[in-house]
Amino acid sequence: MTPTYTLAPTGTGRPNAVLDLPDRQFPRSIGETVGPIRELYRRSKQREWNAATAVDWAAFDPSSYTDDQLFAARQYWSRRAWGEYGAISESPAMAIRYQMERREPDLVFFWTMRTHEEVRHAEVCQRMADACGGYLTEPVTKALEGSVATHGVRSMSFDADTPLEALVASLICCAEVIAFDVFVALIKITTDPVAKQVLKLIMRDEVRHCDFGWKYLEYRVPDMTAAEIDVCRAKVIWMIEEIELKGYHSSWLSEAPDLAEIEADRLVYEAGLGATVEEIERPLMIESIGRIRERMAPLGIELPMFDHPKIGQGF
Ligand SMILES: [Fe+2]
Ligand SMILES: [Fe+2]
């Protein structure tokens, strides 16, 4: 199962070395190998939904909100759609990696559904932005373009020096899990019934996306070397310190927060149309990182305590 990068014509040490692996099709087994992941694939098929019909769009009543609230909500839901769209493009990069490394077929099966699910998340968020007055194709503040760009996972997908397990640990078991924990709170505080419906539908899928990460990591860890586990640890720490705590998901955490975005999010939050704010997210980040640390420890991935000027020390 371990990929043979030494056979690749150019060897490792290049960012896209995964693509240099010999493309071997056979033998090709597609039977069940990792039971828990195959089960997630089955669940994905059973739990399909359609963004056009699963939400009672006609029930949305824009007259209950001010123009400012609706404009802020358009920005918020458009930004969500861009984020989901980003997930669509990182998704096939991972699928190519599974194939090139001849990983267990269950991964490809599930991941194809995952890609499809991110598509419908993008669609449902775009529809919600439309309901609020119109989906926006770019940030109102030009300077924000950088902060809504990809966090570098796509380019890491083909990096042979980053084991796939380290990608799974950092991208899924860390970033996606934190996003999920914030999402659970978001659903609780969102009062608009249509916005709530949209969020619940997305969450229904995201629970599997997180599960996938943990199940695969738990399956792989017993066969991994100490050095590989160490890379997992380094990547998770990088994800927490350089991505999450620098404000990739939450602008208030960044050194130079975008005040217009924070204000707009507060309007959306107060209207009950979907956003979270600093005082809601702060305790969630602490809890979420604590839970990730607890769950990773038995896998041999020991995380340190973290500090952040706006959260505190040693969480
Ligand atoms: Fe998503
Ligand atoms: Fe997801």
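See the structure above.
Report on the accompanying structure. Just so we're clear, the structure is a prediction, and the values are computed from it rather than from any experiment.

## Considering the overall build of the chain
Now for step 1: Of the regular secondary structure elements, the chain holds nine helices and zero strands.
Now for step 2: In sequence order, the chain lays out its α and β elements as α-α-α-α-α-α-α-α-α.
Now for step 3: For a compact globule of 315 residues, the expected C-alpha radius of gyration is about 20 Å, and the chain comes in at 20 Å, within 12% of that figure.
Now for step 4: For the chain, the proportion of its 315 residues judged to be buried stands at 39%.
Now for step 5: In the chain, 78% of the contacts between residues at least 6 apart in sequence involve partners at least 24 apart.

## As for the nonpolar core
Now for step 1: Ranked by internal contacts, the top residues of the largest apolar core, which has 39 residues, are I37, F110, V168, A169, C173, C174 and V236.
Now for step 2: At the level of elements, α1 (35–46), α3 (105–131), α5 (164–189), α6 (193–220), α7 (226–244) and α9 (278–296) are the ones that each hand at least two residues to this core.
Now for step 3: Sort the elements by how many residues they give to this core and α5 lands first, with twelve residues.
Now for step 4: By size, the runner-up hydrophobic cluster in this structure holds 30 residues, among which are A51, Y65, A73 and W77.

## Focus on α1
Quick reminder: α-helices carry 3.6 residues per turn. Residues three or four places apart thus point the same way.
Now for step 1: Between its first and last C-alpha, α1 extends 17 Å over twelve residues, near the 16 Å set by a 1.5 Å rise per residue.
Now for step 2: In the core, the buried residues of α1 are packed alongside α3 and α6.

## Remarks on the packing of α3 against α6
Now for step 1: Running from amino to carboxyl end, α3 crosses α6 at an angle of 160°, the nearest separation of the two axes being 10 Å. Between α3 and α6, the crossing angle belongs to the class labelled roughly antiparallel. The handedness of the crossing between α3 and α6 is left-handed. Residues F110, R114, E117, H121, V124, M128 and A131 of α3 pack against V194, A195, V198, L201, I202, D205, H209 and F212 of α6.

## Things to note about the environment of K215
Now for step 1: For K215, the location among the structural elements is in helix α6.
Now for step 2: For K215, a count of 20 C-beta atoms within 10 Å puts it in the buried group.
Now for step 3: For K215 and R233, which are 18 residues apart along the polypeptide, the C-alpha to C-alpha distance reads 17 Å.

## Digging into the packing of α1 against α3
Now for step 1: Close contact between α1 and α3 brings their axes to 8 Å; oriented N to C, the two are set at 30°. Between α1 and α3, the angle falls in the class roughly parallel. Judged by the twist between their axes, the crossing of α1 over α3 is left-handed. Contacts from I37, R38, L40, Y41, S44 and K45 in α1 reach D106, L107, F109, F110 and M113 in α3.
Now for step 2: Here the contact of α1 with α3 is built from residues that sort into seven nonpolar, one polar and three charged.

## Quick word on unusual backbone geometry
Now for step 1: Omega for the peptide link from F26 to P27 comes to -5°, which places this bond in the cis form.
Now for step 2: Counting through the fold element by element, P27 comes out in the segment before α1.
Now for step 3: The phi torsion at R102 lies on the positive side, around 50°, for a residue other than glycine.
Now for step 4: Checked against the element boundaries, R102 lands in the loop between α2 (67–100) and α3.

Procedures and definitions
- Residues numbered from 1 in each chain as written.
- Chains lettered and ligands numbered in written order.
- Predicted model: local features only at pLDDT ≥ 70, side-chain atom pairs only at ≥ 80, totals over all residues.
- Helix = DSSP H or I, 4+ residues; strand = E, 2+ residues; numbered from the N terminus.
- Rg over C-alpha atoms; globule rule 2.2 N^0.38 Å.
- Buried ≥ 20, exposed ≤ 12 C-beta atoms within 10 Å, placed from the backbone.
- Contact = placed C-beta atoms within 7 Å.
- Core = buried A, V, L, I, M, F, W, Y, C linked by C-beta atoms within 7 Å.
- Expected span 1.5 Å × (residues − 1).
- Axes fitted to C-alpha atoms, helices over the stretch in contact; angles between N-to-C directions.
- Parallel < 35°, antiparallel > 145°, perpendicular 65-115°, else oblique.
- Left-handed = near helix turned anticlockwise from the far one by under 90°.
- Nonpolar A, V, L, I, M, F, W, Y, C, P; charged D, E, K, R; others polar.

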